[in-house]
Amino acid sequence: IGWSTDPFNPPSIPLAIRSPYSSAWLPQASTGTALNGAWATFWNGMIVGWAGYINVDGKSYIFMGDPSVRAIKATQKSSKMTPTQTIFVMDAGGVELTVSFLSPLDPGDLALQSFPFSYLSLSVTSSDGAPHNVSVYTDISAEWVTGNTSSVANWTTSTDSNLLTHQIQLADQHLLVEEHDMIQYGSAYFSTGQVQGLTYQTGEDVKVRTQFINNAKLLNSEDSQFRAVSDHWPVFALSWDLGPVTDTPNVVVAAIGHVRDPAVRFTKGGGITQDRSLYFWSQFSTVNDALAFFLNFQGVSFAHANAIDSQINSQAQQVSSDYAAVLAMSLRQAFAGTELTISKNSDGSFNTSDVLMFTKGGLFILLVSTVDVLYTMWPLFLFFNATFGKYALLPVFEATSQPATDGGAIHDLGAQYPQAIGYQSGVTPTSMPLEESGNMLIMTLSYTQCTGDKSLITTYFDVLDRWTQYLIDNTAEPGNQLSTDSFAGPLNNQVNLAIKGVVGIKAMSVIANLTGDSDRSSRYSAIAANYSTYIQQLSTSSDRQHLDLTYKDDNSWGLAYNLYADKLLGTNVFPDSVFSMETAWYNKQFDQFGVALDTRNKYTLSQWEIWTAAIVDSDAVRDNLISSVVKVASAGISNKPFGDWYDTTNGTINGFTARPVVGGHFALVRPHPHVSPLTLSSGCF
Ligand SMILES: *[C@@H]1O[C@H](CO)[C@@H](O)[C@H](O)[C@H]1NC(C)=O
Ligand SMILES: *[C@@H]1O[C@H](CO)[C@@H](O)[C@H](O)[C@H]1NC(C)=O
Ligand SMILES: *[C@@H]1O[C@H](CO)[C@@H](O)[C@H](O)[C@H]1NC(C)=O
Ligand SMILES: *[C@@H]1O[C@H](CO)[C@@H](O)[C@H](O)[C@H]1NC(C)=O
Ligand SMILES: *[C@@H]1O[C@H](CO)[C@@H](O)[C@H](O)[C@H]1NC(C)=O
Ligand SMILES: *[C@@H]1O[C@H](CO)[C@@H](O)[C@H](O)[C@H]1NC(C)=O
Ligand SMILES: *[C@@H]1O[C@H](CO)[C@@H](O)[C@H](O)[C@H]1NC(C)=O
Ligand SMILES: *[C@@H]1O[C@H](CO)[C@@H](O)[C@H](O)[C@H]1NC(C)=O
């Protein structure tokens, strides 16, 4: 493709990826697309205009986007993707331009973790030994606030002694409403620190870009003719005169993101509804204050990000370089589906002891905080900060004051992000009682084991026990239920679901033990042991080659990825012989792009390939499963953000895209009986 890629070229390259609505990617066609070969897109594929030019000694080059105002194309030399950053190196007229996109994440600081902002850093050095006069330019369009370019936007540019900020919003705001996956209220921000040589301009795309190309600077002027996004395309531009550039890097940084308030509406059990704000509002009273901090903090942010990147990389490399590549693709995508929020007290102050995290599932998946999505992401929470996992579980507990009609744990908190308002009577929510009850028990015990914090198991003991009762009544004969792989339809007596039920019951046995209820603990432990034996009897094929997909159907099999929970919790309700039997079987079932989910269809999910990789007792099978994910992600088949559901025979992606479930890819970043032990700084293991 003419430039080097590290570690590989994904279907769409993450640029600024910080929330369900701060989302800009660079789609890659089969041959790869340079930063100046296409427009950035929202995760669903709609363009979010973002252009960049560099002027070197009076000559302009384009380095980002695909604007109609032409200039010489800078030559892309490389693109590199790390868990937190994407870095392009371009050549233009004797200078080297490094364009870095950082979407910072912070396990130790809730305000920083909740910022919906990314950095764009432009660093220029002379590459031919001679000094060059350089200016750089970047603009965004109002496509950052709507998927309908006929919508009318308005905007302001504010300057003070610290900051220059473009703010853009829809003139017609609709609270808590999405259209074309974008949110219909709040504002996009494009901001930078005041420095010598900074100029700005707002106005029609062609005029503003031509101004820069011809003059290497902007007019410090504003277009106040508010209009539709596509009506003489208003753009919001920043430019920096860097002066003579030598071989010392000359760096400028901008911040970009979409902010709204409230972020999420949440109905707790008991009918109390609250509008919740992103956590950072508890520490900054205006977005400009937050942006000023964010831009001031950039040096620390880049250093933190480099440390996180190298920690993830070095731990993943102990498994394989392909595993490091999978994680480089997964971290930002996973957290972009989450938001950390806080509520207000009645006097308007923030209640800092009420932190909740909400998740949005991805394309076509508008549901709020789907429990099996949390379960899939769980390894990421454990790796990054298990307390974030607690913040994600709490809304589910808090919404569960009444038993669900199906008797198990609820599936999700609402049909349309960002409204976690449950369901009106008469509307039937998705029902996966065995799946979700098992998930809640497994995640709750895992959190408790990891942190030593017993608050969840003591506060919510009764509801946990109610879910366990459901499992006790339904695990041995699950009946016709959906699992998290709901697109495959319900199935009678699914073995993988029964495995989850058993581990869930055993998890409650451990929980009861931890709260001093040893009678209950031994009862549940005995039931789990009994069910484990029973399920193995009904599901081991008569030739003892594999577990069946459903009881007594020896022609069927599937990925029994819920066995991962048994290893994660150390419950050991299933014997090692089951793991080795499955390992040997999967080793014989590889298609070109991995092992199918089950015998019904030739498709799979990347997260279950990786969970399975974490439980097989052969390094070769483990490595092949992991490499199959890199193979599909790098095959040039899709140009949407990585879709976790794909065909194992030809790699075709099945519609899901940009889902946070890729947090499940972190399943091997932990010690494990079958994986060489890895050290974690979080102290979980
Ligand atoms: C850079 O700008 C200075 C001052 O305007 C000018 O004297 C010099 O010729 C320029 N250098 C190049 C290489 O254009
Ligand atoms: C995890 O988050 C909690 C809550 O914000 C914080 O107290 C703790 O220090 C964080 N842990 C790490 C390892 O950063
Ligand atoms: C886009 O917005 C215009 C103006 O508000 C409206 O008339 C049109 O129906 C919208 N189109 C779509 C596809 O939502
Ligand atoms: C832009 O529109 C919003 C929402 O209608 C309004 O509150 C705001 O005052 C407008 N801003 C400008 C600069 O007109
Ligand atoms: C703050 O939140 C906590 C946790 O939800 C809650 O127990 C407490 O009552 C809240 N405080 C106020 C003043 O509402
Ligand atoms: C319960 O705790 C006791 C004492 O720590 C331990 O011996 C026993 O194995 C535990 N049982 C379960 C089911 O965790
Ligand atoms: C499980 O418990 C039932 C009821 O007590 C008993 O009949 C059965 O033999 C037990 N099965 C196993 C495998 O222990
Ligand atoms: C990939 O295989 C599936 C069937 O497994 C088929 O439906 C699909 O059309 C194939 N895609 C391509 C591009 O061949």
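A brief report on the enclosed structure follows. Here the structure is a predicted model, which means the values were calculated and not measured. (Residues numbered from 1 in each chain as written. Chains lettered and ligands numbered in written order. Predicted model: local features only at pLDDT ≥ 70, side-chain atom pairs only at ≥ 80, totals over all residues. Heavy atoms only, no water.)

### Thoughts on the packing of aromatic side chains
Using the following cut-off: A pair of Phe, Tyr and Trp rings is counted when the ring centres sit within 6.5 Å of each other, with Trp represented by its six-membered ring. The angle between the planes then sorts it: under 30 degrees is stacked, over 60 is edge-to-face, the rest tilted. Helix and strand definitions here come from DSSP, where helices need a minimum of 4 consecutive H or I residues and strands a minimum of 2 consecutive E residues; each element is numbered from the N-terminal end. Burial here depends on accessible area, computed with a 1.4 Å probe over protein chains only, as a share of the maximum for the residue type. Under 20% is buried, over 50% is exposed, and the range in between is partly exposed. By the criterion adopted, a ring carries a charge over it if an Arg CZ or a Lys NZ lies within 6 Å of its centre and within 35 degrees of its normal.
Summed over all chains, the structure comprises 43 aromatic pairs. Taking 6.5 Å as the distance between ring centres and 35° as the angle between the ring planes, the aromatic pair formed by Tyr53 and Phe212 counts as tilted. Of the two residues, Tyr53 sits in strand β4 (residues 50–56) while Phe212 sits in helix α2 (residues 205–215), which places them 159 residues apart along the sequence. Comparing Tyr53 with Phe212, the two get one shared label, buried. Among the aromatic side chains, those forming a connected cluster through ring pairs are Phe115, Phe117, Tyr119, Phe280, Trp281, Phe284, Phe293, Phe294, Phe297 and Phe302. Looking at Lys567, its charged tip hangs above the ring of Phe579, at a distance of 4.4 Å from the centre.

### A short note on the packing of helix α4 (residues 298–317) against helix α5 (residues 321–335)
How we decide: Here an axis means a line fitted to C-alpha atoms, over the contact stretch when the element is a helix, while the angle between two N-to-C directions is reported on a 0 to 180 degree scale. Crossing chirality is assigned from the near helix's rotation relative to the far helix, an anticlockwise turn below a right angle marking it left-handed and a clockwise turn marking it right-handed. Any pair of residues with heavy atoms lying within 4.5 Å of one another is described as a contacting pair. Residues were grouped as follows: Ala, Val, Leu, Ile, Met, Phe, Trp, Tyr, Cys and Pro as nonpolar; Asp, Glu, Lys and Arg as charged; and all remaining residues, including Gly, as polar.
Two elements in contact, α4 and α5, have axes whose closest approach is 7 Å; the angle formed by their N-to-C orientations is 145°. Crossing of α4 over α5 shows right-handed handedness. Mapping the contact onto sequence places Ile308, Ile312, Asn313, Ala316 and Gln317 in α4 and Ser321, Tyr323, Ala324, Leu327 and Leu331 in α5. Residues that form the contact of α4 with α5 fall into these classes: 7 nonpolar, 3 polar and no charged.

### Here we look at the sheet that holds strand β13 (residues 163–170)
Rules: Note on pairing: two strands pair once DSSP finds at least 2 bridges between them.
The sheet built from 10 strands is open, its strands ordered β1-β7-β8-β9-β10-β20-β16-β13-β12-β18 with mixed pairing. The open sheet has two edge strands with one neighbour each: β1 (4–6) and β18 (227–228). Sheet strands touched by helix α3 (residues 287–296): β10 (117–126), β12 (152–159), β13, β16 (187–193) and β20 (250–259). Its angle to β10, the strand with the most contacts, is close to 40°.

### Examining the environment of Arg265
Rule in force here: Under the rule applied, a polar contact is a pair of N or O atoms within 3.5 Å (in protein, one hydrogen donor and one hydrogen acceptor; residues adjacent in sequence only if both atoms are side-chain atoms).
One can find Arg265 in strand β21 (residues 264–267). Separated by 155 residues in sequence, Arg265 and Ala420 place their C-alpha atoms 5.7 Å apart. Excluding its chain neighbours within four sequence positions, the residues that come into contact with Arg265 are Leu175, Leu176, Thr273, Gln274, Asp275, Pro418, Gln419, Ala420 and Ile421. Only 2.7 Å separates the side chain of Arg265 from the side chain of Asp275, close enough to count as a polar contact.

### Overview of the pattern of salt bridges
Side chains carrying opposite charge are able to pair once their charged atoms draw close together. Keep this limit in mind: We define a salt bridge as a side-chain nitrogen of Lys or Arg found within 4 Å of a carboxyl oxygen belonging to Asp or Glu.
This model, assessed by the stated rule, comprises 23 salt bridges. A salt bridge links Arg227 to Asp223, with the nearest nitrogen and oxygen atoms 2.8 Å apart. Of the two residues, Arg227 and Asp223, neither departs from the other in class, the shared state being buried. Residues Arg659 and Asp644 are paired through a salt bridge, measuring 2.7 Å at the closest nitrogen-oxygen approach. Residue Arg659 is located in the segment after β32 (645–647), and its partner Asp644 is located in the loop between α16 (619–633) and β32; the two are separated by 15 residues in the primary sequence. Note on Asp644: relative accessible area 0%, which makes it buried. In this structure, a network of salt bridges that share partners links the residues Lys77, Asp91 and Glu96.

### Some remarks on the packing of helix α6 (residues 371–384) against helix α8 (residues 433–451)
Rules: Here is the rule for angles: anything less than 35 degrees is roughly parallel, anything more than 145 is roughly antiparallel, 65 through 115 is roughly perpendicular, and the remaining ranges are oblique.
Packing of α6 against α8 brings their axes to within 9 Å, and their N-to-C directions diverge by 20°. Comparing their axes, α8 and α6 come out roughly parallel. Once α6 is placed against α8, the crossing between them reads as left-handed. For the pair α6 and α8, contact is made by Val371, Asp372, Leu374, Tyr375, Trp378 and Leu382 and by Glu435, Glu436, Asn439, Met440, Ile442, Met443, Ser446, Tyr447 and Cys450, respectively. In terms of residue class, the contact of α6 with α8 is made up of 10 nonpolar, 2 polar and 3 charged.

These results come straight from atomic positions and should not be treated as a statement about function.
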